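Chains, contacts and geometry: an overview
Read off the chains here:
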Amino acid sequence: MLQAKDRRRLEAIVRDRNAPQKHVWRAEIVLLTAKGLGTVEIMRRTGKSKTCVWRWQERFMQENVEGLLRDKTRPSRVKPLAQAVIDKVVKLTAITPPHEATHWTSAAMAKATGISVSSVQRIWRAHGLAPHRVRQFKLSSDPDFIDKLRDVVGLYVDPPAHAIVLSVDEKSQIQALDRTQPGLPLKRGRAGTMTHDYKRHGTTTLFAALNVLDGTVIGRNMQRHRHQEFIRFLNAVNAAVPAGKAVHVILDNYAAHKHPKVRQWLDRHERFTFHFTPTSCSWLNAVEGFFAKLAKRRLKRGVFHSLVDLQAAINRFVAEHNTAPMPFTWTADPDKIIAAVRRGHQVLDSIH
């Protein structure tokens, strides 16, 4: 005998247009059974098999309406992988494969362990393994790494009063590349295109000085990047910055920056002070971020018909950047950097 509250709930499920269809036909089976219809008629009206009708009639008698709204869990048709197999995949991933390859692929690992490619991929995801990826690194071997790091970071975080802090470097060998054929424009469903081959129209070097305090950039295009060009750029910087203010220049250990004639220029301009980054630490130079933005947004996909065209595009980019500059803000803790470098050296020493 179907109780009134159960009938009302089952009828509500049948009327609900948002209810899952499996809940609807299960409720219909019970309602038709309560009307006294036989199994064959219920099969005809619901389109279900005899065993299906019997199963849900029995489920309702055992668990009422709640039993119709949930499915019982069923064991997987595929047996789960043994822990020994999982451990083997993880162990093999960390070592060089025996065949001629630098790293494991999912297909090679599946063949070596006798499991499916999808199983290998699931194991790698669960253990955070990505053998197809590699991260580049370079640890500084500068004996004065800590002192130079703290010196440069100190200029970023707490610059001297009434002084200008400039991050200086040069982006050399910028190529004026012209495509052999015009590319197709971006449209719905298709990315923009460009030919893989190109014509070279020469190279230029961009000398740039990023003012850490206000974010403006002083830029000059030159044909080469010797000490002569560097001195010319320093003269341009000296003319551009306000007179009477001390200028602290952060730059890397490039030979042109330490040339005797550059040192002589530095002796003649006492308001300039050079601060060198540690060796292999170009990431510490703030102007590298500007170079990365220039390469990504203006140079990588640019088409330049001549060297003059390239230099003009660079100058326009610098001018546009200076219309809305943003001060450089250093956020990394130098103590954490020093600790990470020490750990890196310890790992390298243990490997050796």
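Each remark here, short or long, concerns the structure printed above.
Residues numbered from 1 in each chain as written. Predicted model: local features only at pLDDT ≥ 70, side-chain atom pairs only at ≥ 80, totals over all residues. Heavy atoms only, no water.

Thoughts on the pattern of salt bridges
According to the stated counting rule, one finds nine salt bridges in the structure shown. The closest approach of N and O atoms between Glu 63 and Arg 70, which form a salt bridge, is 2.4 Å. Look at Glu 63 and you get partly exposed, because its relative accessible area is 22%. With a relative accessible area of 40%, Arg 70 lands in the partly exposed category. Several salt bridges converge on common partners, so that one network encompasses Lys 22, Arg 26 and Asp 71. (Salt bridge = Lys/Arg side-chain N within 4 Å of Asp/Glu carboxyl O. Buried < 20%, exposed > 50% of the residue type's maximum accessible area, 1.4 Å probe, protein only.)

A few points about the pairing of strand S5 (residues 272-276)
By the criterion of burial, S5 is predominantly enclosed, with four of the five residues buried. Across five bridges, strand S4 (residues 246-251) lies against S5 in parallel orientation. Directly across from Val 247, in S5, lies its bridge partner Phe 272. Between the parallel pair S4 and S5, the chain is carried across by helix H10 (residues 260-268), and the sense of this crossover is right-handed. (Helix = DSSP H or I, 4+ residues; strand = E, 2+ residues; numbered from the N terminus. Pairing = 2+ DSSP bridges. Right-handed = clockwise from strand over helix to strand, strands pointing away.)

With respect to the pairing of strand S1 (residues 163-179)
Counting buried residues along S1, 13 of its 17 residues qualify, which places the element largely inside the surrounding structure. Here S1 pairs with S4 via five bridges, running parallel. In the strand pairing of S4, Ala 163 is matched with Ala 246. Relative to strand S2 (residues 198-211), S1 is paired through 11 bridges, and the arrangement is antiparallel. Paired with Asp 178 across the two strands is Lys 199, which belongs to S2.

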